[in-house]
Amino acid sequence: MKNIISLFVIFITSLFLISNVAFAAVEIDGGGSSGTVLQKQKKNIIDSIGAMLGLGSDDDTSNPSPSSSPETTPAPNGTIYPTQTLPGDVSNPNTSYPSSFVNEARKCLQNRSAYQLASSYTGVPWQIMAGIHYVEGNCGTNKSCVSGRTLGVNEPDLYGNCSSQGGVGKPVPIGGGCGFRTLADSCIYGANHLKGKIGRVPSSIQDLAKALGRYNGIGNANCGRVNASMPYCPARYEGFDHIYPFSKYDAIHQTMYLVYCADYTRCNPPKIFQRIGVLTIANILSNL
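So, here is what we can say about the structure in this document. This structure is a prediction, so every number in the text was calculated from the model and none was measured.

About the criteria used
- Once a new chain begins, its residue numbering starts again from 1 and follows that chain's sequence as written.
- Local features in a predicted model are, by the rule used here, given only for residues with pLDDT of at least 70; side-chain atom pairs are given and counted only at 80 or more, and totals for whole chains, interfaces and linings are based on all residues.
- For side-chain calculations, the full set of non-hydrogen atoms in the structure is used, while hydrogens and water are omitted.
- Only when DSSP finds a minimum of two bridges between them are two strands counted as paired.
- Note on conventions: DSSP H or I runs of at least 4 residues are helices, E runs of at least 2 residues are strands, and numbering of each starts at the N terminus.
- By convention in these notes, a salt bridge is any Lys or Arg side-chain nitrogen within 4 Å of a carboxyl oxygen on Asp or Glu.
- For each residue, the accessible area found with a 1.4 Å probe, counting protein chains only, is set against the maximum for its type, and the residue is called buried under 20%, exposed over 50%, and partly exposed in between.
- Note on definitions: a residue-residue contact is assigned when non-hydrogen atoms from the two residues lie within 4.5 Å.
- A cavity, in this analysis, means grid points on a 1 Å lattice covering only the protein atoms where a 1.4 Å probe fits yet has no way out; a pocket is instead an open set bounded by protein on both sides within 12 Å along at least five of seven lines, and a residue lines either one if it has an atom within 4 Å of a point.
- Grid points are joined across faces, edges and corners, and a volume is the space filled by probe spheres set on the points.
- Fitted lines through C-alpha atoms give the axes, limited to the stretch in contact for helices. The angle between two N-to-C directions lies from 0 to 180 degrees.
- Should an angle fall under 35 degrees it is taken as roughly parallel, and over 145 as roughly antiparallel, whereas 65 to 115 is taken as roughly perpendicular and any remaining angle as oblique.
- Note on convention: the crossing is left-handed when the near helix lies turned anticlockwise from the far helix by less than a right angle, right-handed when the turn is clockwise.
- For this classification, Asp, Glu, Lys and Arg are treated as charged, while Ala, Val, Leu, Ile, Met, Phe, Trp, Tyr, Cys and Pro are nonpolar and the rest, including Gly, are polar.
- By convention a nonpolar core is built from buried Ala, Val, Leu, Ile, Met, Phe, Trp, Tyr and Cys residues, the set being connected through side-chain atoms within 4.5 Å.
- Note on terminology: disulfide denotes any pair of cysteine sulfur atoms within 2.5 Å.

### Concerning the pairing of strand E3 (residues 257-262)
Right, so step 1: Both E3 and strand E4 (residues 265-272) contribute to a ladder of four bridges, which runs antiparallel. Paired with Tyr257 across the bridge in E4 is Ile272.
Right, so step 2: Joining the antiparallel neighbours E3 and E4 is a turn of two residues, in which Tyr264 adopts a positive phi near 65°.

### What to know about the pattern of salt bridges
Right, so step 1: All chains considered together, the criterion is met by four salt bridges.
Right, so step 2: Note that Asp157 and Arg149 form a salt bridge whose closest N and O atoms lie 3.7 Å from each other.
Right, so step 3: Judged by relative accessible area, which is 32%, Arg149 ranks as partly exposed.
Right, so step 4: Ionic pairing is found between Arg214 and Glu238, a salt bridge with its closest N-O pair at 2.8 Å. Taken together, the residues Arg214 in helix H7 (residues 205-216) and Glu238 in the loop between H7 and helix H8 (243-246) connect sequence positions 24 residues apart.

### What to know about helix H9 (residues 278-286)
Quick reminder: α-helices carry 3.6 residues per turn. Residues three or four places apart thus point the same way.
Right, so step 1: Most of H9 sits out of view: eight of its nine residues are buried.
Right, so step 2: Val278, Leu279, Thr280, Ile281, Ala282, Asn283, Ile284 and Leu285 are the residues of H9 that are buried.
Right, so step 3: Along its buried surface, H9 packs onto helix H3 (99-106), helix H5 (126-137), H7 and H8.

### Observations regarding the layout of surface pockets
Right, so step 1: There is about 870 Å³ of room inside the largest pocket.
Right, so step 2: Looking at the largest pocket, it is lined by 28 residues, and the ones nearest its centre are Asp157, Tyr215, Asn216, Gly217 and Asp263.
Right, so step 3: Where the lining of the largest pocket is concerned, the elements lending two or more residues are H5, helix H6 (183-196), H7, H8 and E3.
Right, so step 4: It is E3 that contributes the most residues to the lining of the largest pocket, four residues altogether.

### Here's the deal with the packing of H5 against H9
Right, so step 1: Look at H5 against H9: their axes get within 8 Å of each other, and the N-to-C directions meet at 130°. By the angle class used here, H5 and H9 are oblique. Judged by the twist between their axes, the crossing of H5 over H9 is right-handed. Across from Trp126, Gln127, Ile128, Ala130, Gly131, Ile132, Tyr134 and Val135 in H5, the residues of H9 making contact are Val278, Leu279, Ile281, Ala282, Leu285 and Ser286.
Right, so step 2: Residues belonging to the contact of H5 with H9 are distributed by class as follows: eleven nonpolar, three polar and no charged.

### Brief notes about the environment of Asp263
Right, so step 1: Mapped onto the elements, Asp263 comes out in the loop between E3 and E4.
Right, so step 2: Placed 44 residues apart in sequence, Asp263 and Gly219 show a C-alpha to C-alpha distance of 9.5 Å.

### A few points about the nonpolar core
Right, so step 1: The biggest cluster of nonpolar side chains holds 60 residues, and the ones touching the most others in it are Tyr115, Ile128, Ile132, Leu212 and Leu279.
Right, so step 2: Put simply, the parts of the chain that give this core at least two residues each are H3, helix H4 (112-122), H5, H6, H7, H8, E3 and H9.
Right, so step 3: Looking at this core element by element, the count peaks at seven residues for H5.

### A short note on the side chain of Asn111
Right, so step 1: Looking at where Asn111 falls in the secondary structure, it is placed in the loop between H3 and H4.
Right, so step 2: Residue classification places Asn111 among the buried positions, given a relative accessible area of 4%.
Right, so step 3: Residues within four places of Asn111 in sequence aside, it is in contact with His133, Cys139, Gly140, Thr141 and Leu183.

### Section: the state of the cysteines
Right, so step 1: The final tally for this structure, using the stated rule, is five disulfides.
Right, so step 2: Bridging Cys145 to Cys187, the disulfide has an S-S length of 2.1 Å. Since a negative S-S torsion denotes a left-handed disulfide, the Cys145-Cys187 link at about 45° is right-handed. Residue Cys145 is located in the loop between H5 and strand E1 (172-174), and its partner Cys187 is located in helix H6; the two are separated by 42 residues in the primary sequence.
Right, so step 3: With its sulfur 1.9 Å from that of its partner, Cys261 forms a disulfide with Cys267. Of note, the bridge from Cys261 to Cys267 carries an S-S torsion of about 130° and is right-handed in sense.
Right, so step 4: Looking at Cys261, the relative accessible area reads 38%, which means it is partly exposed.
Right, so step 5: Each disulfide of the protein chain joins two cysteines, and with those cysteines numbered along the sequence the arrangement is 1-2, 3-6, 4-5, 7-8, 9-10.

Okay, structure coming up:
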């Protein structure tokens, strides 16, 4: 029995030496793809020899290490947009504004997280949402982005269009009508409403002027509606003569007029509009 074991060991050792010589020849010759195949065959022979001798492989992959790829957090329902920057033709660092305007814009920074959340859900730059909230609700933390009304009360502008199901950026039944429980929800709704005015995310100053003018109502466009020769008339594009986007934006938009004092109610005569427009607030915030 002892002789049989000795002969078996000699036989196995011979096979091992022969395989090493053959594979060494391939390695010296360069190998290429055939070298890769032979290397695999070499490993298989060595593993087989080891198995015969009761040894384990030195390249055991039966228990692979856990994957190092990071876990991903499922995104909320719907498209999540990356951080949106204000179009370059809106953000003008060369525009000089009075300190009083800058201080007004700074008030909106207290709600920046809500505006940025709205931006992530809609693609509308957060500075634009801050500007809308300023014009509508003076950037009050308890004021709606949609109309400036106090959060938690009925919003007539929603015309009862809400559901008890709620959801992100959705109005809910409140006080016999519809309203918003949080500022973020009102801003998300407002941003989607703004996009709906032109059917896409505004990507230029022309897009924003048109969408913002329609958001407020085209009746407050000035050209042809006020008894004055205005430097912004005739309008270069839709919204260029509208108070909502452009009031105080630059030198030619310093004096603008409120044409409608309320829904379906014209001012008689039109009144000088004293507020700062959406694009003005957005421009200031983008350069702070």
